Amino acid sequence: MSSATGSFSLQQPLNYRGGARLQPADGGQVEEVYEPATGRVIAKLLCSGEKEVDLAVQSAKAAFKEWSQKSGMERCRVLLEAARIIREQRDEIATLETINNGKSIFEARVDIDISWQCLEYYAGLAGSLAGEHVQLPGGSFGYTRREPLGVCVGIGAWNYPFQIACWKAAPALACGNAMVFKPSPFTPISVVRLAEIFTKAGVPKGLFNVVQGGVATGQFLCQHPDVAKISFTGSVPTGIKIMEMAAKGIKPVTLELGGKSPLIIFSDCALENAVNGALMANFLTQGEVCCNGTRVFVERKILDTFTKEVVKRTQKIKIGDPLLEDTRMGALINRPHLDRVQNFIKQAKEQGAQVLCGGDLYVPDDPKLKNGFYMRPCVLGNCTDDMTCVKEEIFGPVMSILPFDTEEEVVERANNTKFGLAGGVFTRDIQKAHRVVAALNAGMCFINNYNVSPVELPFGGYKASGFGRENGRAAIEYYSQLKTVCVEMGDVESVF
Ligand SMILES: NC(=O)c1ccc[n+]([C@@H]2O[C@H](COP(=O)([O-])OP(=O)(O)OC[C@H]3O[C@@H](n4cnc5c(N)ncnc54)[C@H](O)[C@@H]3O)[C@@H](O)[C@H]2O)c1
Ligand SMILES: C[N+](C)(C)CCCC=O
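Residues numbered from 1 in each chain as written. Chains lettered and ligands numbered in written order. Predicted model: local features only at pLDDT ≥ 70, side-chain atom pairs only at ≥ 80, totals over all residues. Heavy atoms only, no water.

Attention now moves to the overall build of the protein. Looking only at helices and strands, the protein features 14 helices and 20 strands. At 24 Å, the protein has a C-alpha radius of gyration in line with the 23 Å of a compact globule built from 496 residues. Viewed in the frame of its principal axes, the protein has a C-alpha envelope of about 80 × 55 × 40 Å. Within the protein, the fraction of its 496 residues that count as buried is 58%. Within the protein, residue pairs in contact and separated by at least 24 positions form 74% of the contacts whose partners lie at least 6 positions apart. Accessible surface computed for the protein: about 20200 Å², of which carbon and sulfur atoms make up 53%. Of the side chains in the protein, 53 bear a positive and 54 a negative charge, and the two mean positions are spaced by 3 Å. (Helix = DSSP H or I, 4+ residues; strand = E, 2+ residues; numbered from the N terminus. Rg over C-alpha atoms; globule rule 2.2 N^0.38 Å. Buried < 20%, exposed > 50% of the residue type's maximum accessible area, 1.4 Å probe, protein only. Contact = heavy atoms within 4.5 Å. Areas by Shrake-Rupley, 256 points an atom, 1.4 Å probe, with all protein chains shown as cover. Lys, Arg positive; Asp, Glu negative; His and termini not counted. Charge placed at Lys NZ, Arg CZ, Asp CG, Glu CD.)

What follows is about the side chain of Thr 417. With respect to the helices, strands and loops of the structure, Thr 417 is situated in the loop between α13 (407-415) and β17 (422-426). Apart from residues no more than four positions distant in its own chain, Thr 417 is found in contact with Lys 260, Arg 295 and Lys 463.

Parsing the protein into structural domains produces domain 1 (15-257 + 461-483) and domain 2 (262-447). Here the C-alpha centroids of domain 1 and domain 2 sit 30 Å apart. With 29 residues of domain 1 in contact, the opposing surface of domain 2 contributes 36 residues. Counting the surface lost from both domain 1 and domain 2, the interface buries some 2600 Å², and carbon and sulfur atoms represent 59% of this. On the domain 1 side of the contact with domain 2, Ala 37, Trp 158 and Lys 463 bury the most area, a combined 21% of that side's loss. (Domains from an automatic or database assignment. Buried area = accessible area lost by both parts, 1.4 Å probe.)

Below, the discussion takes up the sheet that holds strand β20 (residues 480-487). Pairing is antiparallel across the open sheet formed by three strands, whose spatial order is β5-β6-β20. Either end of the sheet is taken by a strand with one partner, and the two such strands are β5 (133-135) and β20. Here the strands of the sheet are splayed against their neighbours by 20 degrees on average, with no regard to which way each runs. (Pairing = 2+ DSSP bridges. Axes fitted to C-alpha atoms, helices over the stretch in contact; angles between N-to-C directions.)

Moving on: the site of ligand 2. Around ligand 2, the surrounding shell consists of Asn 159, Tyr 160, Gln 163, Trp 167, Val 289, Cys 290, Cys 291, Asn 451 and Ser 453. Asn 159 is positioned such that a nitrogen or oxygen atom in its side chain is 3.0 Å from an oxygen atom of ligand 2. Between ligand 2 and the protein, one listed contact pairs an oxygen atom with a backbone N or O atom of Cys 290 at 3.1 Å. Coverage of ligand 2 by the protein amounts to 93% of the 300 Å² it exposes when considered alone. Here the residues of the shell around ligand 2 sort into five nonpolar, four polar and no charged. (Near = heavy atom within 4 Å. Polar contact = N/O pair within 3.5 Å; in protein donor to acceptor, adjacent residues only side chain to side chain. Nonpolar A, V, L, I, M, F, W, Y, C, P; charged D, E, K, R; others polar.)

Okay, the site of ligand 1 next. As a structural note, the neighbourhood of ligand 1 is formed by 29 residues, with Gly 156, Ser 235, Thr 238, Leu 257 and Glu 393 the closest of them. Between ligand 1 and the protein, one listed contact pairs an oxygen atom with a backbone N or O atom of Gly 234 at 3.3 Å. At 2.7 Å from an oxygen atom of ligand 1 is found a side-chain nitrogen or oxygen belonging to Ser 235. Across the complex, the protein chains shield 89% of the 850 Å² of accessible surface that ligand 1 would expose by itself. Contributing elements (two or more residues each) for the shell around ligand 1: α7 (215-223), β10 (227-233) and α8 (236-248).

Let us look at the pattern of salt bridges. Applying the stated rule across the entire model yields 29 salt bridges. Among the ionic pairs, Arg 21 bridges to Glu 196, the shortest N-O distance being 2.8 Å. Taken together, the positions of Arg 21 in strand β2 (residues 20-22) and Glu 196 in helix α6 (residues 190-201) put the pair 175 residues apart, joining distant regions of the chain. Assessed through its relative accessible area of 29%, Glu 196 is described here as partly exposed. The residue Glu 299 makes a salt bridge to Lys 301 at a minimum N-O spacing of 3.8 Å. (Salt bridge = Lys/Arg side-chain N within 4 Å of Asp/Glu carboxyl O.)

Attention now goes to the UniProt feature "domain: Aldehyde dehydrogenase" (unreviewed entry) in the protein. Annotation from UniProt places "domain: Aldehyde dehydrogenase" (unreviewed entry) at residues 30-485. The annotated region residues 30-485 carries 40% helix and 20% strand content, and the separation between its end C-alpha atoms amounts to 50 Å. (UniProt positions renumbered as here; feature names shortened; annotations may be inferred.)

So, on to the UniProt feature "active site" (unreviewed entry) in the protein. Per the UniProt entry, the sites bearing "active site" (unreviewed entry) are Glu 256 in this numbering. You can see Glu 256 is positioned in strand β11 (residues 253-256). A relative accessible area of 4% places Glu 256 in the buried class. Contacts of Glu 256, omitting those with residues within four sequence positions, involve Phe 232, Thr 233, Gly 234, Phe 459, Gly 460, Gly 461, Ser 465, Gly 468, Arg 469 and Glu 470.

This part covers the pairing of strand β6 (residues 141-148). Bridging between β5 and β6 involves three bridges; their strand directions are antiparallel. The residue bridging Gln 135 from the neighbouring strand is Phe 141, located in β6. Where β5 hands over to β6, the hairpin turn is made up of five residues, of which Gly 138 adopts a positive phi near 70 degrees. Pairing of β6 with β20, which is carried by eight bridges, proceeds in the antiparallel orientation. Paired with Tyr 143 across the strands is Val 485, a residue of β20.

A separate point is the packing of α13 against helix α14 (residues 430-439). Remark: α13 packs on α14, axes separated minimally by 10 Å, with the N-to-C direction vectors making an angle of 30 degrees. Here α13 runs over α14; the crossing is right-handed. The residues of α14 that touch α13, namely those facing Glu 407, Val 411 and Asn 415, are Lys 432, Arg 435, Val 436 and Ala 439. Taken together, the residues that form the contact of α13 with α14 break down as three nonpolar, one polar and three charged. (Left-handed = near helix turned anticlockwise from the far one by under 90°.)

Here's what the structure looks like:
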């Protein structure tokens, strides 16, 4: 694989079924796949039709019969082997992710580390998945069995292509399910690598399949009668459609949706940590992160000092070729998305926000990058809660700074949003920290840090940010079902 920016191109099929890469059996629609760093087309995506989706589901159904009969320890060994192979191929997978997503190689490597850690974590849980035994009168008893659901569908967003697939596949497979995964048509490449790794690690052929495509392919998957569960990561409007389709088939869903999370900086914080936290909360993956703390509430007493420092540090972020070791911000996913982010900034200015730094397009010196989708990270001051930039998810490198005076006021303003994915607080006062996060209507809260992702901790949203959880022991509940068995040890006493 040629790994220099501007040299990659892919001819191999991007669907994966029955343990092999292949072209879809039907479909016909072709999408161009881009390298955001250069704006080049690097692959052609063939979108799967209804027949291909059915073949993938049938393939998963057949493999499910074998996999679901294995013991937890047998599944554990296969998942550990998959984690080992990912570690072995870490740099190569991270490079693919960077080429197709545009994020820096530094970050992509972290994503791949979180991915194999996720597989290791659920491998560790697989052997201890169990029901319980309950004593009943007269020596009778009951017990519960924790059983898999069947064929689970995973549908992913483009910001963390490989990691999202692992966050879904690891608990699904650990519980004994099969999976058909559809990545975003913008980032179809790395997840096929995951499918190959699972096969190499020893999962039955067909246990993990990849179908490629966009809206129509996703709909065929969600509407398929043999699909037992849908786990979706993406935007709120699509989440609503997924839930409607799932409702028609009484299928359980996990919805990992968007956010507009608050980050609250109190004046008694450790300032340097708070500044680092605000940068982590806003500028990872070019700001294209669901749980970003984009509403940065700063206690008025330290507003000027904090803002000055955040702006200084933001201006120093090294933008450019994402495959270079010292780059910390790469390119946004595509031209339409870059335009959308630019429009948010334009509207923010029209509504009275002040651009304190960045926000304009960035053209790197290297000529091969001149058609890439770059912009300078932006800090907005003079923001108010009613501005569009403060209310809507921008999904780009744009931080809004909002002053506040009291704890009560900031908690109320932080919760005044339709979203509820994440939230953060920086303070040295430990009681205040716990009091504030307890009052936040958000599923993932951080105290004195932001956007760290230990796979041992559940991740997911409140309110319009979705429901269900990924990671942690909690995810097991969303990929398994309980069967109760009641055992009579005496005679049947009939009332008739
Ligand atoms: N909460 C989380 O864990 C999390 C993580 C990453 C991204 N996100 C969110 O994802 C969004 C950005 O991702 P996106 O632009 O890819 O989102 P999107 O909703 O446009 O697409 C997500 C996926 O759904 C598919 N899809 C679109 N319409 C569909 C339909 N009608 N039926 C079935 N599938 C359909 C897409 O092809 C894609 O694979 C942001 O809102 C972000 O916050 C959330
Ligand atoms: C790994 N992060 C940074 C916590 C992001 C999780 C996925 C959200 O987009």
